[in-house]
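A structural walkthrough
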Amino acid sequence: MDRRKFMAGCVGLPLLAQAGETQAQAGLTKVIFPFAAGAGGDTLCRLIAQEMAPVLQRTIVVENRTGGDGLIGIKAVKGANPDGSMVLVTTGPTMYLLPMVETTPSFDTAKDFVPVSLLARFEFAVVVGPGIDAADFKGFVAWLKAHPDKTSFGVPSNGTIPHFMGSKLEKDLGIPLTRVPYRGSAPILNDIIGGHISFGIVTLADALPQHRAKGVKIIAVSSAERSPFAPEVPTLKESGIDLVADAWYGMWLPAGSPPDFASKLGAAASAALAKPEVKEKLTGIGLIPVGSPPEGLTKELAANTAFWQPIVKATGYKIEN
């Protein structure tokens, strides 16, 4: 598949400003977030940056380096000076899925980055329209089997966790499913409400407003335990599907960064996430604050890589680059 179909807007890596040493000496740290401003992850970055700055005695700014489904920002930090002037905050899936699906991986997470901290978790939801006669996930499976011509489902983009969740569901349920990639959750939810697709897999936070308004119905969440944001909704595991697929945000430094700075940065991030006012703001947008030492992030990344690698490989999905 042509990268352009998967990574809209990827037009090449901008030249890095040759000011790394000056920034480091001036105590300036850029938190690179490789997605657009305004979303949950961007809010997370800005909240912790504000809290970490006085602790680390550095000026910390958040910069959105969008494009390539995260690749532009990742490559910017990969090529940065390891002097504390640039930090990466992105989703776990971008760090373990992209190397799996690129024909020639653009980066090696273990070799090109230093882990800092696991920051926050978020969940995915299986969402159906209100017109579908199914009270729960098992009932929806029966409905799909009775309507083999209505098995189209939406995902926010190809090559993402919802994409591969759909592949896993297709295999486990033994029902042919038709994946329809969208650009984001909003058009998926609109098409579910309009009856154009039968279901979608989107972030729980995106689906909750329409679920509460009875516009759509969340029939399962992908986390290991029921979500604190929708405790009435069973997990996929409870529904008989051996699948846990929550996602998370993590923080990394470029390879070669001093371990003591990574430890200080991680401790500052975890302390920020533990503050009640920060927790309240993050849970308000569907994020579950975590915070961890570097080894916690490494362990999480390794577990997710081991789980998803055979699933992704079985699909044969690749991005040509």
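In the annotation of an unreviewed UniProt entry, the protein is listed under the name Bug family tripartite tricarboxylate transporter substrate binding protein and assigned to Bradyrhizobium xenonodulans. Annotation of the protein in UniProt includes, under Sequence similarities (unreviewed entry), the sentence "Belongs to the UPF0065 (bug) family."

So, about the pattern of salt bridges. One pass over the structure, following the stated rule, counts 10 salt bridges. Put simply, E63 and R65 hold a salt bridge, and the shortest N to O gap is 2.3 Å. Using a relative accessible area of 22% as the deciding quantity, one classes E63 as partly exposed. Here the residues in one salt-bridge network are K30, E63 and R65, joined through shared partners.

Attention shifts here to the sheet that holds strand β11 (residues 288–289). Ordered by their spatial adjacency, 6 strands build an open sheet running β2-β1-β3-β10-β4-β11, and the pairing between neighbours is mixed. Looking at the sheet topology across the chains shown, the edges are occupied by β2 (59–64) and β11. Helix-sheet contacts for helix α5 (residues 92–101) involve β3 (86–91), β4 (113–122) and β10 (247–254), and the interaxial angle to β3 is about 80°. In the packing of helix α11 (residues 259–273) onto the sheet, contacts are made with β3, β4, β10 and β11, and the angle to β4 comes to roughly 10°.

With that settled, consider the sheet that holds strand β7 (residues 178–181). A sheet is described by the order of its strands in space; here 5 strands give the open sequence β7-β6-β8-β5-β9, paired in mixed fashion. Each having just a single partner strand, β7 and β9 (217–221) make up the two edges of the open sheet. Here the strands of the sheet are splayed against their neighbours by 30° on average, with no regard to which way each runs. The pairing of strand β6 (residues 152–155) with β7 spans 4 bridges and is parallel. For G154, the partnering residue across the bridge sits in β7 and is V180. Across the face of the sheet, helix α7 (residues 137–146) comes into contact with β5 (124–128), β8 (199–203) and β9 while running at roughly 110° to β9.

What follows deals with helix α10 (residues 204–212). Within α10 the residues assigned to the buried category are L204, A207, L208 and H211. On an axial view of α10, the arc spanned by its buried residues comes to 120°, and they lie on one face. Buried residues along α10 sit in contact with β5, α9 (185–193), β8 and β9. Looking one or two residues past α10, K214 carries a phi angle of roughly 70°, positive in sign.

What counts as what
- Residues numbered from 1 in each chain as written.
- Predicted model: local features only at pLDDT ≥ 70, side-chain atom pairs only at ≥ 80, totals over all residues.
- Heavy atoms only, no water.
- UniProt positions renumbered as here; feature names shortened; annotations may be inferred.
- Salt bridge = Lys/Arg side-chain N within 4 Å of Asp/Glu carboxyl O.
- Buried < 20%, exposed > 50% of the residue type's maximum accessible area, 1.4 Å probe, protein only.
- Pairing = 2+ DSSP bridges.
- Helix = DSSP H or I, 4+ residues; strand = E, 2+ residues; numbered from the N terminus.
- Contact = heavy atoms within 4.5 Å.
- Axes fitted to C-alpha atoms, helices over the stretch in contact; angles between N-to-C directions.
- Arc of directions from axis to C-beta.

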